[in-house]
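Chain by chain, the residues run as shown.
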Amino acid sequence: MGSLSIWHWLIVLLIVALVFGTKKLRNIGGDLGGAVKGFKEGMREAETPADASKHELPRNGAVDVEAKEKTPNSSDFR
């Protein structure tokens with residue numbers, strides 16, 4: 001009981017082609033290829049987010065801070 005030779009694999013491939021038909025195998029291959037392509041695109045998008053520039057600091061090291069005007073209320077005078 002050694003490993004299968006090339007002739008064994010050719011016979012298995014012939015039987016699979018006869019059972020499923022070449023058209024169905026071609027559709028399965030196309031669906032599998034589309035799934036792999038979609039997965040690769042999703043991984044590429046996850047590595048480089050579109051809004052990466054929003055999270056970067058300015059090059060001079062300064063940070064922009066917006067100050068909101070505070071209106072005094074009764075709790076400020078305690």
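Up top you'll find the structure we're talking about.
Being a predicted model, the structure only gives us computed values, none of them experimental.

## A short note on the overall build of the protein
Scanning the protein for helices and strands turns up 2 helices and 0 strands. Element-wise, carbon and sulfur atoms account for 61% of the exposed surface of the protein, whose accessible area totals about 8100 Å².

## A look at the packing of helix α1 (residues 6-20) against helix α2 (residues 22-47)
Contact geometry of α1 with α2 gives a least axis separation of 6 Å together with a crossing angle of 100 degrees. Judged by the inter-axis angle, α1 sits roughly perpendicular to α2. Residues V16, A17 and F20 of α1 pack against T22, K24 and L25 of α2. When the residues that make up the contact of α1 with α2 are grouped by side-chain class, the tally is 4 nonpolar, 1 polar and 1 charged.

## What about the environment of V16?
Considering the arrangement of structural elements, one finds V16 in helix α1. Residues contacting V16, with those up to four places away along its chain left out, are G21 and L25.

## Looking at a nonpolar patch on the surface
Together, I11, I15, V19, F20, L25 and I28 line one region of the surface with nonpolar side chains, adding up to about 550 Å² of accessible area. Elements that contribute at least two residues to the nonpolar patch include exactly α1 and α2. Top element by residues in the nonpolar patch is α1. It accounts for 4 residues. With respect to the helices, strands and loops of the structure, I15 is situated in helix α1. Residue I15 is classed as partly exposed on the basis of its relative accessible area of 47%.

## Notes on α1
With 15 residues, α1 should cover 21 Å at 1.5 Å per step; its first-to-last C-alpha distance of 21 Å lies within 8% of that length. A positive backbone phi angle near 85 degrees is found at G21, which sits one or two residues after α1.

Cut-offs used in this document
- Residues numbered from 1 in each chain as written.
- Predicted model: local features only at pLDDT ≥ 70, side-chain atom pairs only at ≥ 80, totals over all residues.
- Heavy atoms only, no water.
- Helix = DSSP H or I, 4+ residues; strand = E, 2+ residues; numbered from the N terminus.
- Areas by Shrake-Rupley, 256 points an atom, 1.4 Å probe, with all protein chains shown as cover.
- Axes fitted to C-alpha atoms, helices over the stretch in contact; angles between N-to-C directions.
- Parallel < 35°, antiparallel > 145°, perpendicular 65-115°, else oblique.
- Contact = heavy atoms within 4.5 Å.
- Nonpolar A, V, L, I, M, F, W, Y, C, P; charged D, E, K, R; others polar.
- Patch = residues over 30% accessible without salt bridge, like charges linked within 9 Å, V, L, I, M, F, W, Y side chains within 5 Å.
- Salt bridge = Lys/Arg side-chain N within 4 Å of Asp/Glu carboxyl O.
- Buried < 20%, exposed > 50% of the residue type's maximum accessible area, 1.4 Å probe, protein only.
- Expected span 1.5 Å × (residues − 1).

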